[in-house]
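Summary of the model geometry
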Amino acid sequence: MRVVIAGGHGKIALLLERLLAERGDQAVALIRNPAHVADVRKGGAEAFICDLEAASADEVAVLLAGADAVVFAAGAGPGSGAPRKDSVDRAGSVLMAEAAEQAGVRRFVQVSSMGAGQPPQPGTDEVWAAYITAKTAAEADLRARDLDWTILRPGGLTDAPATGRIRLASPPVPAGTVPRADVAAVIAALLDNPGTQHQTLELVSGNSPVATAVHTIS
Ligand SMILES: NC(=O)c1ccc[n+]([C@@H]2O[C@H](COP(=O)([O-])OP(=O)(O)OC[C@H]3O[C@@H](n4cnc5c(N)ncnc54)[C@H](OP(=O)(O)O)[C@@H]3O)[C@@H](O)[C@H]2O)c1
């Protein structure tokens, strides 16, 4: 399987690329900083330079030629302001989904966030509100498309080692945290399970082995 990952030098993305390469899949990282090429290659992935805030859907569609799946794992990240929540977390996903349609790549896994899908609470910090608004809009855009999408909403991300044990279910799942390494394992399993298409899933640490949890909801 050839999998193109937007935000290819992100923490989840690098873990996912390694998992995909180890199981014999081709991982392709879209990155914006040429200095990140070496890190990506070290994990067994190919790297293409693509700034999601500058590229057109036509340009991205060229990079998706021959792919079997797209993963949107980009994000403006901590320290970014409200405008970049919109230009990366929302518009970056819209761009990838549009390009996937153009290129005929049907499978699309979007990394969203728990908290998306509802308006931000009144009095919420302005940047957090912009983030949740952007993720909610990105989800809505994807649901409206003729793609085999799965929306994955992890809880708070940690850099702890993988546990292999998760709670994965349709919303609402009680708030919690989850290691990025487990998120990467879940994405790899979702890519293998087309039965998870058209589902929105929330993810925190739990008791179920990843394969069992993904199989159960497929
Ligand atoms: N933090 C949390 O607790 C939490 C919880 C739930 C969901 N999430 C979501 O999970 C996803 C992945 O998280 P993570 O921790 O793996 O993220 P991360 O390490 O911050 O990686 C995000 C990647 O997106 C890339 N990016 C930003 N702007 C870009 C642009 N214009 N063009 C191309 N790439 C661009 C960044 O590239 P550069 O390295 O070049 O900046 C970075 O490599 C994000 O969507 C995040 O919102 C986070």
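The notes below deal with the structure included here. Keep in mind that this is a model prediction, so the values were computed, not measured.

Quick look at the packing of helix 1 (residues 11–22) against helix 6 (residues 180–192)
- For the pair helix 1 and helix 6, the least separation of the axes is 8 Å and the interaxial angle reads 50°. Considered as vectors, helix 1 and helix 6 are oriented oblique to each other. Along this stretch, helix 1 crosses helix 6, giving a crossing that reads as right-handed. Residues Lys11, Ile12, Leu15, Leu16, Leu19 and Leu20 of helix 1 pack against Arg180, Ala181, Val183, Ala184, Ala185, Ile187, Ala188 and Leu191 of helix 6.
- Looking at the contact of helix 1 with helix 6 residue by residue, the class counts come to 12 nonpolar, no polar and two charged.

Topic: the packing of helix 4 (residues 82–103) against helix 5 (residues 126–143)
- Put simply, helix 4 and helix 5 touch, their axes get as near as 8 Å, and they point 10° apart. The angle between the axes of helix 4 and helix 5 places the two elements in the roughly parallel class. Residues Ala82, Lys85, Asp86, Asp89, Arg90, Ser93, Val94 and Ala97 of helix 4 pack against Glu126, Val127, Ala130, Tyr131, Ala134, Lys135, Ala137, Ala138, Asp141 and Leu142 of helix 5.
- A per-class count over the contact of helix 4 with helix 5 returns 10 nonpolar, one polar and seven charged.

So, the site of the ligand
- If you check the shell around the ligand, you find 27 residues, and the closest are Arg32, Glu53, Ala74, Tyr131 and Arg180.
- Between Gly75 and the ligand, the recorded distance is 3.2 Å, taken from a backbone N or O atom to an oxygen atom.
- Within the contact set of the ligand, an oxygen atom lies 2.9 Å away from a backbone nitrogen or oxygen of Leu157.
- Protein coverage of the free-state accessible area of the ligand, which is 920 Å², stands at 82%.
- Of all the elements in the fold, those that place two or more residues in the shell around the ligand are helix 1, helix 4, helix 5 and strand 8 (156–158).

Basis of the calculations
Residues numbered from 1 in each chain as written. Predicted model: local features only at pLDDT ≥ 70, side-chain atom pairs only at ≥ 80, totals over all residues. Heavy atoms only, no water. Axes fitted to C-alpha atoms, helices over the stretch in contact; angles between N-to-C directions. Helix = DSSP H or I, 4+ residues; strand = E, 2+ residues; numbered from the N terminus. Parallel < 35°, antiparallel > 145°, perpendicular 65-115°, else oblique. Left-handed = near helix turned anticlockwise from the far one by under 90°. Contact = heavy atoms within 4.5 Å. Nonpolar A, V, L, I, M, F, W, Y, C, P; charged D, E, K, R; others polar. Near = heavy atom within 4 Å. Polar contact = N/O pair within 3.5 Å; in protein donor to acceptor, adjacent residues only side chain to side chain. Areas by Shrake-Rupley, 256 points an atom, 1.4 Å probe, with all protein chains shown as cover.

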